[in-house]
Amino acid sequence: MLLSVRRPFRILPPVMSKEIVVSGIRSTGFLHLGNYFGAMRNYVKMQDEYNCYFFVADYHSLTTHPDPKDLRANVYRVVAENVACGLDPEKVALYAQSDVPEIPELYLMLNMLAYMGELEKVPTFKDKVRQQPQNVNAGLLTYPVLMTADIIIHKAVKVPVGKDQEQHIEMARNFVNRFNNRYGELFPEPYPFNYSSELIKVPSLDGTGKMSKSENENATLYLADEDDIIRKKVMKAKTDSGPTEHNSEMPEYIQNLFLLMGLVSTPDVVDTYKKAFNECTIRYGDMKKQLAEDMVQFIAPIREKTKELHANEDAIKKILKEGAEKARASASVTIAEARKLIGINYY
Ligand code: TYM
């Protein structure tokens, strides 16, 4: 007699594959408020909803020829700062770009599809040519090509970045389309991402341009700044004697102060000072004192956590090693597909 084996009937939940996210930060110095609000704040939110790959762009940092002695500490610091800001290496792949050799391989392939004329027109390249005419290297020229490889090696569709990277991501879409048209559909188009409707540019404290790792340290708030330094920098931010007519137009440097306040202070504090501005009763000294204290409250815990993590080299090495394994598992699949489409499969 045949025995019929009754299997328990189970309805499996539909497999929902999460969208893929990639972003990177160069290891060129201390991270600042711009990095946090333009990029890292989004990373932390995205880690629960997406399949995330976040990396330290150490190859990109080589365009400025950092001292080999500093490179490792800088990479470790970026890892520590990311974790201190709330990134969980269990939930995401957190790795060093140079630990994934599939990235430079894809970069090489993409370089054959990138043209001198378009690379020379990139505003960030033109800025570098102006700023450092003695070091206009090919790595700077092909910077957006390496970025494209970083992103599409995992077939990412969302790239959390600040406003300054928007154009690079647009170029990535061009390179993706060129590859797909020539060799066959492999890569999705990546788009820059921010949780609010617009990409962010965190302004510098002196009212000229954005906060940046290398330019004007006194106008940049670093996540490693001590409390007194934060207070000093904020109190020195550019202001004037205040508006004399109700509901005046706000000068850009005052708008910037309000923007910074909006990032770290509570909405009612911001509203109080906005009202005071519109009624011509604002005292910028008081506003800056409030901003400085709210900034200290915001930065101090990140700074202290970073110090603790940075001191634990073993933990950072473990994060990087595990991150590299996760990243390579995904990158090796993509590079095999790219090779095949190009025709590099000889045995
Ligand atoms: P990097 O290292 O200059 O900056 C890291 C992230 O911080 C953002 N950011 C800002 N956002 C708002 N306001 C600011 N003042 C500000 N300053 C910096 C940047 O937009 C960035 O998101 N090329 C990239 C690194 C990179 C990358 C990638 C990013 C390499 N490959 C692939 C995304 C995907 C860079 O130099 O970022």
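Residues numbered from 1 in each chain as written. Predicted model: local features only at pLDDT ≥ 70, side-chain atom pairs only at ≥ 80, totals over all residues. Heavy atoms only, no water.

Here the focus is the site of the ligand. Of all residues adjacent to the ligand, which total 27 residues, the nearest are Arg26, Tyr143, Asp150, Asp164 and Lys213. Contact distances for the ligand include 2.8 Å between an oxygen atom and a backbone N or O atom of Gly162. The contact in question runs from an oxygen atom of the ligand to an N or O atom on the side chain of Asp164, over 2.5 Å. The fraction of the free accessible surface of the ligand (700 Å²) that becomes covered by protein chains is 98%. (Near = heavy atom within 4 Å. Polar contact = N/O pair within 3.5 Å; in protein donor to acceptor, adjacent residues only side chain to side chain. Areas by Shrake-Rupley, 256 points an atom, 1.4 Å probe, with all protein chains shown as cover.)

You can read the domains of the protein chain as domain 1 (20–200 + 312–342) and domain 2 (217–305). Here the C-alpha centroids of domain 1 and domain 2 sit 32 Å apart. Counting from both sides, the interface comprises 12 residues of domain 1 and, opposite them, 13 residues of domain 2. When domain 1 packs against domain 2, close to 1,000 Å² is buried across both sides, 82% of that on carbon and sulfur atoms. The largest contributions to the domain 1 side of the interface with domain 2 come from Leu33, Phe37 and Ala84, which together make up 48% of the buried area. Taken together, the links from domain 1 to domain 2 amount to 0 salt bridges. Where domain 1 meets domain 2, there are 2 residue pairs in polar contact (both at pLDDT 80 or more). Those elements that place two or more of their residues in the side of domain 1 that touches domain 2 are α1 (33–46) and α3 (68–84). Broken down by element, the side of domain 1 that touches domain 2 gets its largest block of residues, 5 residues, from α1. When grouped by side-chain class, the residues that make up the side of domain 1 that touches domain 2 number 8 nonpolar, 1 polar and 3 charged. (Domains from an automatic or database assignment. Contact = heavy atoms within 4.5 Å. Buried area = accessible area lost by both parts, 1.4 Å probe. Salt bridge = Lys/Arg side-chain N within 4 Å of Asp/Glu carboxyl O. Helix = DSSP H or I, 4+ residues; strand = E, 2+ residues; numbered from the N terminus. Nonpolar A, V, L, I, M, F, W, Y, C, P; charged D, E, K, R; others polar.)

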